[in-house]
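# Structural overview for review
What follows is the residue order along each chain.
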Amino acid sequence: MELLFENLAHGFGVALSLNNLLFALLGAFIGTAIGVLPGIGPVATISLLLPITFGQPATTAIIMLAGIYYGAQYGGSTTAILLNLPGEVSAVVTTLEGYKMARNGRAGAALAIAALGSFFAGSVATILVAASGPLLTDIALSFGPADYFSLMLLGLVISAVLAQGSVVKSVGMVVLGVALGLVGTDVQTGQQRFTFGIPELSDGLNFAAIAMGVFGIGEIILNLERPEVRSVLSAKVGSLFLTKEEWKRAIPSVLRGTLLGSALGILPGGGASLASFGSYMMERKMSKGGKDFGTGAIEGVAGPEAANNAAAQTSFIPLLTLGIPSNAVMALMVGALIIQGIQPGPRMVESQPDLFWGLICSMWIGNVMLLVINLPMIGMWVKLLQVPYKYMYPAILTFCAIGVYSINNNVFDVYQTVFFAVLGYAFAKLKMEPAPLLVGFVLGPMMEEHLRRAMLLSRGDPMVFVERPISAVLLVIAALALGLMLLPGLRKRKEEAMAG
Amino acid sequence: MRINGKDFASALLLLALAGLGLWLNTDHTLGSARRMGPGYMPMLTFGLEFLLGLAVLGISLFSGPDPLERWTKIDFVGLFLGVAVGLVAYPVLVSVAPALGNNWYALGIAMMIGFGVMAISPGWRKMALILAGMTVFGVLLDRGGLFLAIAAMVVIAALADPEHRPLGVLGSVVFLIVVCWWVFIYELDIRVNIWPTF
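Residues numbered from 1 in each chain as written. Chains lettered and ligands numbered in written order. Predicted model: local features only at pLDDT ≥ 70, side-chain atom pairs only at ≥ 80, totals over all residues.

### As for the overall build of chain A
When helices and strands are counted, chain A shows 23 helices and 2 strands. Relative to the 2.2 N^0.38 estimate, which gives 23 Å for 500 residues, the radius of gyration of chain A is 22 Å and therefore close to what a compact globule would have. Once the C-alpha set of chain A is aligned to its principal axes, its extents read approximately 70 × 50 × 50 Å. Among the 500 residues that make up chain A, the fraction classed as buried is 64%. Counting contacts in chain A only where the partners sit at least 6 residues apart, residues at least 24 apart contribute 80% of the total. (Helix = DSSP H or I, 4+ residues; strand = E, 2+ residues; numbered from the N terminus. Rg over C-alpha atoms; globule rule 2.2 N^0.38 Å. Buried ≥ 20, exposed ≤ 12 C-beta atoms within 10 Å, placed from the backbone. Contact = placed C-beta atoms within 7 Å.)

### Structural notes on the packing of helix α4 (residues 58–83) of chain A against helix α12 (residues 299–314) of chain A
Residues and elements named next belong to chain A. As a packed pair, α4 and α12 sit with axes 9 Å apart at the nearest point and diverge in direction by 170 degrees. Between α4 and α12, the crossing angle belongs to the class labelled roughly antiparallel. Along this stretch, α4 crosses α12, giving a crossing that reads as right-handed. The residues of α12 that touch α4, namely those facing Tyr 69, Tyr 70, Gln 73 and Ser 77, are Glu 305, Asn 308, Asn 309, Ala 312 and Gln 313. For the contact of α4 with α12, the class distribution of residues is 3 nonpolar, 5 polar and 1 charged. (Axes fitted to C-alpha atoms, helices over the stretch in contact; angles between N-to-C directions. Parallel < 35°, antiparallel > 145°, perpendicular 65-115°, else oblique. Left-handed = near helix turned anticlockwise from the far one by under 90°. Nonpolar A, V, L, I, M, F, W, Y, C, P; charged D, E, K, R; others polar.)

### A few points about the interface of chain B and chain A
With 60 residues of chain B at the contact, the number on the chain A side is 53 residues. Of all elements in the fold, only α1 (5–24), α2 (40–60), α4 (105–118), α5 (122–158) and α6 (166–187) of chain B reach the threshold of two or more residues within the side of chain B that touches chain A. With 16 residues, α5(B) is the largest single contributor of residues to the side of chain B that touches chain A. Across the side of chain B that touches chain A, the residue classes tally to 36 nonpolar, 14 polar and 10 charged.

### Remarks on helix α3 (residues 73–96) of chain B
Residue pairs spaced three or four apart in an α-helix point in one direction, given the helix's 3.6 residues per turn. In this model, α3(B) (24 residues) spans 33 Å end to end at C-alpha, consistent with the 34 Å of a helix rising 1.5 Å per residue. Residues of α3(B) that are buried make contact with α4 and α5 of chain B. (Expected span 1.5 Å × (residues − 1).)

### Notes on the nonpolar core
Counting 248 residues, the largest nonpolar core has Ile113(A), Leu397(A), Ile130(B) and Met153(B) as the members making the most contacts within it. For this core, the element with the most residues is α5(B), which contributes 23 residues. Here this core spans two domains, since at least three of its residues come from each of domain 1 (5–60) and domain 2 (73–187) of chain B. Setting aside chain neighbours within four positions, we find Leu397(A) in contact with Ile217(A), Ile220(A), Ile130(B), Gly133(B), Met134(B), Met153(B) and Ala157(B). (Core = buried A, V, L, I, M, F, W, Y, C linked by C-beta atoms within 7 Å. Domains from an automatic or database assignment.)

### Thoughts on the packing of helix α2 (residues 18–36) of chain A against helix α16 (residues 353–374) of chain A
Residue and element names in this part refer to chain A. Their axes nearest at 9 Å, the elements α2 and α16 cross at an angle of 50 degrees. In this view, α2 runs oblique relative to α16, as classed from their interaxial angle. Of the two elements, α2 crosses α16, and the hand of that crossing is right-handed. Only Gly 358, Ser 362, Ile 365, Gly 366, Met 369, Leu 370, Ile 373 and Asn 374 of α16 make contact with α2, whose side of the interface consists of Asn 20, Ala 24, Leu 25, Ala 28, Phe 29 and Thr 32. Looking at the contact of α2 with α16 residue by residue, the classes come out as 8 nonpolar, 6 polar and no charged.

### Points about the domain arrangement of chain B
You can read the domains of chain B as domain 1 (5–60) and domain 2 (73–187). Between domain 1 of chain B and domain 2 of chain B, the C-alpha centre-to-centre distance is 33 Å.

### Notes on unusual backbone geometry
All names here are of chain A. In this structure, Asn 409 is a non-glycine residue whose phi angle is positive, near 50 degrees. Turning to its location among the elements, Asn 409 is positioned in the loop between α18 (389–408) and α19 (411–429). Judged by the 12 C-beta atoms lying within 10 Å of it, Asn 409 falls in the exposed class. Phi at Arg 459 is positive, roughly 55 degrees, even though this residue is not glycine. Inspection of the secondary structure assignment puts Arg 459 in the loop between α20 (435–457) and α21 (464–467). Residue classification places Arg 459 among the exposed positions, given that 10 C-beta atoms sit within 10 Å.

### Overview of the environment of Glu49(B)
Here Glu49(B) lies in helix α2. What makes Glu49(B) buried here is the crowd of 24 C-beta atoms within 10 Å. In this structure, Glu49(B) is in contact with Gly172(A), Val175(A), Leu176(A), Ala179(A), Leu14(B), Leu17(B) and Ala18(B), ignoring residues within four places of it in sequence.

### A short note on α18(A)
Residues and elements named next belong to chain A. Given a rise of 1.5 Å per residue, 20 residues ought to cover 28 Å, and the 30 Å separating the end C-alpha atoms of α18 matches this to within 8%. When you tally the buried positions in α18, you get 14 out of 20 residues, the bulk of the element. The positive-phi residue at the C-terminal boundary of α18 is Asn 409, with phi of around 50 degrees.

### As for the confidence of the model for chain A
In the predicted model, chain A carries a mean pLDDT of 84, and the fraction of residues at 70 or more is 94%. Element-level pLDDT for chain A is lowest in helix α23 (residues 488–499) of chain A, with a mean of 58, against a maximum mean of 93 in α19(A). (pLDDT = per-residue confidence, 0-100.)

### Quick notes on the environment of Ser262(A)
Along the chain, Ser262(A) turns up in helix α10 (residues 244–266). When the C-alpha atoms of Ser262(A) and Leu128(A) are compared, they prove to be 8.2 Å apart, with 134 residues separating the residues in sequence.

### Brief notes about the environment of Pro353(A)
All names here are of chain A. Tracing the sequence through the fold places Pro 353 in helix α16. Overall, the presence of 14 C-beta atoms within 10 Å leaves Pro 353 in the partly exposed class. In this structure the C-alpha to C-alpha distance between Pro 353 and Thr 60, which are 293 residues apart in sequence, comes to 13 Å.

Structure representation (structure tokens):
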């Protein structure tokens, strides 16, 4: 316990340095903005801003990128409540009750409970990350190569199982991601694989080019094909203060949402949107106001908003302690760390104490900042929505193009981005979920390393994966997760949850 | 039988990529499970991908109906012509002017021509114009400088949205040049020409 406080004190020392504070604020600010704006999500934004962070120390870079992710969860709720327009996927359920509340003249209360609930959940989740980090790290250090391989396999399976749409297709996307990760120089023999003799590919496909192409540019094209939805703010924001009755109804929901969100965030493949859907379903069943759902029940705002913020933060746990990204945003974080020369993994807590504890403390500081950014400045964010998409997309395109070029100062990366934009567009048209692809791409090379090492140690005996207890348990969980999703009943439930 | 067009096409895509990967992988030594060669993991990965492709193919026969969006005749022709012209243009450019082999000029110009052709068909226009804009950025950046590259990209990409008016596009160009100069040149100091050097 004492050590924890000592570490947290160290973390606050790092997080409170002027530079880190500034970048946390910048991240929270940008995050809120893209949370408010529909049509650009955290994955595209983080990949867009990845190159900008290269000049900064690793800790500062990760602090800012993390700020974007949880900032987007805050911002997404604002437009969901005021305009019935979810800025983020995770805010879709907030529109259900939040917009109804706004129609009833309680927009201020809905915004306030969304922000306060998120703040509470974020604070709890931060403590959870701080406490579990070193604990999980101790466990992870006893992992052998076989256990690691199975852990990553589990991560891939779950990220596919929890993706939207057909499970078999999502597994296909994960494997495709692993395949893309094979391009480049083979680490052990130095042989060029799938590079077509192109020297630029000997270091592998450009990670930022894939992310920007599929999530950034591909998304622009799809948005242009959809007719633009213009919405006008009709409801008044009204008083931000909650009545006693509203407090009494909201507090239990916030607590439940925090718990559920924290748990779902840790799961590989979990994350903010899953948590908010889960919490909505739970509140409809469990809360006293459940029967009022559909008419503007505050429980339906408080629970999911707390849950998505808690999950956004706890999804850092597998990344920071095991080096396993649990969703596409975390895959981007792995990419950012690797570019900074840091190998994510269980040794990070020891070898990068500044980064680990600094990030945790900055998350809490970021939550305080978000409270200030969001509540008093709501009018400004709503104005931002009036910027038409036709002015936004050239800006996104320009930032992508310069950003991806500046990574290696090579135009080949720009053309790579174009190639992946075509692919991303095709994926969207064919309803193939791209998020698992990114997770597969990041984990693929690490998996190959661990597979080789495990098989070398076992003298080529594949039984090692079931003989080692940790590995066996992980594989059983992976098999169960896949098996359950093939059951028609459960699959239908998942589809319902995903559709809100 | 209710065929799901989207799943069917996904399956073909997965199978094609897996087939390509397995074929390319014949160059690599497999090694044994104990001492894996460079070709071992690709074999596992693409093999699994191929099986998944077959599974999706099987499912697609019954999971429909979810047809692909209708393609007009001109969309087919546009896609085919665009890809064909781009593929022909690349080797032609390299053999006619070997200097274009540097800095991927030939690749960029070939892609530009290909997207240009695709933009003729209404179905592909938005995608082709956005991507042509980005390609032009790559082609112009080194010699034309950052400002010209941004201007050309924004103008071409703006054609993708019929709502754009000339004045608005001009405003976007100026605004983006100023912002990019401030962020990428002044703050981040990336190594790139900003003015043309023809």
